[in-house]
Amino acid sequence: DNNGVMFRSLTSRGVAAYGLAAALTLLYVVIYFGDRIAGGAVQLWMQANVYGHLESLSQTLRGRPADQWFFYGTLYTVAVLVFGARMLHRYRTVPYQIVRTLSVMFFQLGFAYLLPNLLVLFKQPEFYFSYFWPLKPEYLYPYTWAHYGGAGIYFLIVAALLSFVATPVLTYYFGKRWYCSWVCGCGGLANTAGDSFRHLSNKSSAAWRLERMTIYPILGLIVIVTALLWINSLTSGGVFGRFSQSLAEWYGFYIGAIFSGVIGVGFYPLLGTRIWCRFGCPMAAILGMLQVKLSRFRITTNGGHCISCGNCSTYCEMGIDVRAYAQNREDIIRAACVGCGICSAVCPRGVLRLESGRLQIVESKHEIV
């Protein structure tokens, strides 16, 4: 199935790859910032010639006119479903990949698309149950709690419980894969529409160092933003004034829109599919720390059977040198690992196994926090 992937223009950073990256980036810029381009003329043109084609569907699902966000959600969901079907065919002999792919398709269609739109139809707040703080930081912002009423408060309570109760418990038993590879829409798009580009992830030690230098500071930043907003709310703006709100807006624009959207997806054909997950996602940062320190999940290796083909490292979307662990007969316990299982699927010798055994503390020169 991967034959020729290193030589096709689209999957080897050829002209086609640069063309697709430019097209994806342009699409994200238009969707996110169309109302700011040419005095809003781009937004008006897209509304009349593109978004309007979904008017009937939008009115049926949510009782509102179609806009750029409904178009984006529909396009995103269709991509996950269509390329998810491709994944099901491609890895049809691997039960774990079938279950995992069906899971991300289910959560994207049901919890990230249909349910939020139906809530709007029934005059409830638009709420995404598959995203929560810190990946969806506004669900813990004070003005969100003040704005939501009725059933909306219960939704926010559920999101808080998912963040602070379900996350550590599920990560203990299943590692970060329960979210990053089974639920999250970002991971869902990466592992379906982006599967053909997973081998492009940077495997160098420099990328590894950059990963640690960016993902944890971004987590720290959103913790600070959330804390400042609450302090400012409780003091009626007497401590930080407009600063905390401005910082939240800065985070939403540069991290939430530019990094996770424009770069995170637009650069799939050039840098691989988990750019945001590796270098920016604060949810991945928390899950990674829990996975290394507390989780029972690990990828075990049978190094005696390893033939050093390198398939596992080549197709690791998180840039982990899996082969080095196998050759040293070490279990893989890495903060970056999302448990997608592709390394095991492409191994011709059955060297790698995804397991959730008894908790062990493993000392390894490859291990990171």
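Everything discussed here concerns the structure shown above.
K.L.:
So what exactly am I meant to see when it comes to the pattern of salt bridges here?
P.N.:
Think of it this way: side chains of opposite charge can pair up when their charged atoms draw near. In total, this model carries eight salt bridges according to the counting rule given. Put simply, Glu 317 and Arg 198 hold a salt bridge, and the shortest N to O gap is 3.5 Å. In this pair, Glu 317 is assigned in the loop between helix 15 (311-314) and helix 16 (322-327) and Arg 198 in the loop between helix 9 (185-190) and helix 10 (205-234), connecting sequence segments 119 residues apart. A residue is classified by how much of its surface remains accessible, and Arg 198, at 2% relative accessible area, is buried.

K.L.:
What exactly am I supposed to notice about the pairing of strand 1 (residues 297-301) here?
P.N.:
Residues in a regular strand project their side chains so that they alternate between the two faces of the sheet. For strand 1, the buried fraction is high: five of the five residues fall into the buried class. Of the two faces of strand 1, the one holding Phe 297, Ile 299 and Thr 301 and the one holding Arg 298 and Thr 300 are both buried throughout. As judged from the five bridges shared by strand 1 and strand 2 (residues 352-356), these two strands associate in the antiparallel manner. Paired with Arg 298 across the strands is Glu 355, a residue of strand 2.

K.L.:
I would appreciate a short explanation of a nonpolar patch on the surface in the present structure.
P.N.:
Together, Tyr 154, Ile 157, Leu 161, Phe 164, Val 165, Val 169, Tyr 173 and Phe 174 line one region of the surface with nonpolar side chains, adding up to about 770 Å² of accessible area. On the basis of relative accessible area, Val 169 is assigned to the partly exposed category, the value being 44%.

K.L.:
Hey, could you run me through the nonpolar core in this one?
P.N.:
Inside soluble globular proteins, nonpolar side chains tend to come together where they are buried. Ranked by size, the top nonpolar core spans 67 residues in total, and within it Phe 127, Leu 135, Tyr 179, Val 225, Ile 320, Val 322 and Leu 352 carry the most contacts. It is helix 10 that contributes the most residues to this core, nine residues altogether. Ignoring sequence-local partners within four residues, the contact set of Val 225 consists of Tyr 141, Leu 247 and Ala 248. Within the second largest apolar cluster, 27 residues are counted, among which are Tyr 32, Phe 70, Phe 71 and Tyr 76.

K.L.:
Could you clarify how one ought to interpret the packing of helix 7 (residues 151-174) against helix 14 (residues 282-293) in this entry?
P.N.:
Any two packed helices are characterised by the angle at which their axes cross and by the distance between the axes. Packing of helix 7 against helix 14 leaves a shortest axis separation of 9 Å and a crossing angle of 50°. Comparing the axis directions of helix 7 and helix 14 gives the class oblique. Considering how the two elements wind past one another, helix 7 and helix 14 form a crossing that is right-handed. Contact residues: helix 7 offers Thr 167, Pro 168 and Thr 171, while helix 14 offers Met 283, Leu 287, Leu 290 and Gln 291. Of the residues that constitute the contact of helix 7 with helix 14, the class distribution is four nonpolar, three polar and no charged.

K.L.:
Would you take a moment to explain the packing of aromatic side chains for this structure?
P.N.:
Aromatic rings considered in pairs are described by the distance between their centres and by the relative angle of their planes. In total, this model carries 27 aromatic pairs according to the counting rule given. Chaining the aromatic ring pairs together yields one cluster made of Tyr 28, Tyr 32, Phe 33, Trp 69, Tyr 72, Tyr 76, Trp 250, Phe 253 and Tyr 254. Sitting over the ring of Trp 208, Arg 334 keeps its end group 4.2 Å from the ring centre.

K.L.:
Would you explain helix 3 (residues 55-62) in this entry?
P.N.:
For an α-helix, the turn length of 3.6 residues means that residues three or four places apart are oriented alike. Residues of helix 3 that are buried include every one of Ser 58, Leu 61 and Arg 62, and no others. In a view along the axis of helix 3, the buried residues occupy a sector of 75°, so they form one face of it. Residues of helix 3 that are exposed and angled more than 90 degrees away from the buried face: Ser 56 and Thr 60. Close packing links the buried residues of helix 3 with helix 4 (68-90) and helix 5 (95-121). The positive-phi residue at the C-terminal boundary of helix 3 is Gly 63, with phi of around 70°.

So, how was this worked out
- Residues numbered from 1 in each chain as written.
- Predicted model: local features only at pLDDT ≥ 70, side-chain atom pairs only at ≥ 80, totals over all residues.
- Heavy atoms only, no water.
- Salt bridge = Lys/Arg side-chain N within 4 Å of Asp/Glu carboxyl O.
- Helix = DSSP H or I, 4+ residues; strand = E, 2+ residues; numbered from the N terminus.
- Buried < 20%, exposed > 50% of the residue type's maximum accessible area, 1.4 Å probe, protein only.
- Pairing = 2+ DSSP bridges.
- Patch = residues over 30% accessible without salt bridge, like charges linked within 9 Å, V, L, I, M, F, W, Y side chains within 5 Å.
- Areas by Shrake-Rupley, 256 points an atom, 1.4 Å probe, with all protein chains shown as cover.
- Core = buried A, V, L, I, M, F, W, Y, C linked by side-chain atoms within 4.5 Å.
- Contact = heavy atoms within 4.5 Å.
- Axes fitted to C-alpha atoms, helices over the stretch in contact; angles between N-to-C directions.
- Parallel < 35°, antiparallel > 145°, perpendicular 65-115°, else oblique.
- Left-handed = near helix turned anticlockwise from the far one by under 90°.
- Nonpolar A, V, L, I, M, F, W, Y, C, P; charged D, E, K, R; others polar.
- Phe/Tyr/Trp six-rings, centres within 6.5 Å; stacked < 30°, edge-to-face > 60°.
- Lys NZ or Arg CZ within 6 Å of the ring centre and 35° of its normal.
- Arc of directions from axis to C-beta.

By themselves, these observations are geometric and do not establish any function.
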